[in-house]
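Structural overview
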Amino acid sequence: MSTEPAGVPRDADLIEAVGARDAAALRSLYDRHAPWVTARLTRRCADPAIVEEVVQDTFLAVWHGAGRYRGQGEVAAWIWGIAIRRLIDRLRTHRSASRLVGQPAVEPSAEELVLLGIEHGDLASAMDRLSPELRAVIQATALDGLTTREAAQLLGIPRGTVKTRLMRARRELREALA
């Protein structure tokens, strides 16, 4: 069931149009999602230039990868997944580049360390072993800081399902990391 007002295209319809190379559809997705993507990335990275680059890279990836969207889950969750992976990659590259050019090393924030650990550490392999459904819930709640209500809305599933999957994901992660 769509929550958009009458006459406003659904995200799923827009992403399909982007897959057919409709630039106006990309503009609509950008206008709809870029503000909240920017806000969420800003909570994870204090450098506005990096955040802006990541937002642009995210929507460029949406343009090139719209055909890979499978229609499972919300388009917003798919876009966010692209954005957070782009941020992790950008932070890793930024830190490596600053070492190469001889700039003084900037201590990464705790948030940046956690994000990089999620991508490469023991937690990364434990997260990879979760089913896609459990991983999406743990990412939305624990990593993105959404409430169960917000995660349910973003993922397009009932709130009770989010709670159940979150409980299962935490149990599986505890076992994997023990």
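Residues numbered from 1 in each chain as written. Predicted model: local features only at pLDDT ≥ 70, side-chain atom pairs only at ≥ 80, totals over all residues. Heavy atoms only, no water.

1. Regarding the overall build of the protein
- Counting secondary structure elements, the protein contains 9 helices and 0 strands.
- Reading the secondary structure of the protein in the N-to-C direction produces α-α-α-α-α-α-α-α-α.
- Sequence-distant contacts in the protein: of pairs separated by 6 or more residues, those separated by 24 or more amount to 62%.
- Of the roughly 10,400 Å² of accessible surface on the protein, a fraction of 54% belongs to carbon and sulfur atoms. (Helix = DSSP H or I, 4+ residues; strand = E, 2+ residues; numbered from the N terminus. Contact = heavy atoms within 4.5 Å. Areas by Shrake-Rupley, 256 points an atom, 1.4 Å probe, with all protein chains shown as cover.)

2. Observations concerning helix H1 (residues 11-19)
- Listed in full, the buried residues belonging to H1 are Asp11, Leu14, Ile15 and Val18. Here the buried residues of H1 occupy an arc of 95 degrees about the axis, which is enough to place them on one side. (Buried < 20%, exposed > 50% of the residue type's maximum accessible area, 1.4 Å probe, protein only. Arc of directions from axis to C-beta.)

3. Regarding the nonpolar core
- Core analysis: the largest hydrophobic core is formed by 28 residues, its most contacted members being Leu41, Val62 and Leu87.
- Only H1, helix H2 (23-42), helix H3 (48-65) and helix H4 (75-100) provide two or more residues apiece to this core.
- With 9 residues, the top contributor of residues to this core is H4.
- The contact partners of valine 62, leaving out residues within four places of it in the chain, are Ile15, Val18, Leu26, Leu29, Trp78, Ile79 and Ile82.
- Listed in part, the 18 residues of the second largest apolar core include Val137, Ile157, Leu166 and Ala169. (Core = buried A, V, L, I, M, F, W, Y, C linked by side-chain atoms within 4.5 Å.)

4. Details of the confidence of the model for the protein
- Predicted confidence across the protein gives a mean pLDDT of 81, with 81% of residues reaching 70 or more.
- For the protein, helix H5 (residues 110-120) is the element with the lowest average pLDDT, namely 58, and H3 is the one with the highest, namely 94. (pLDDT = per-residue confidence, 0-100.)

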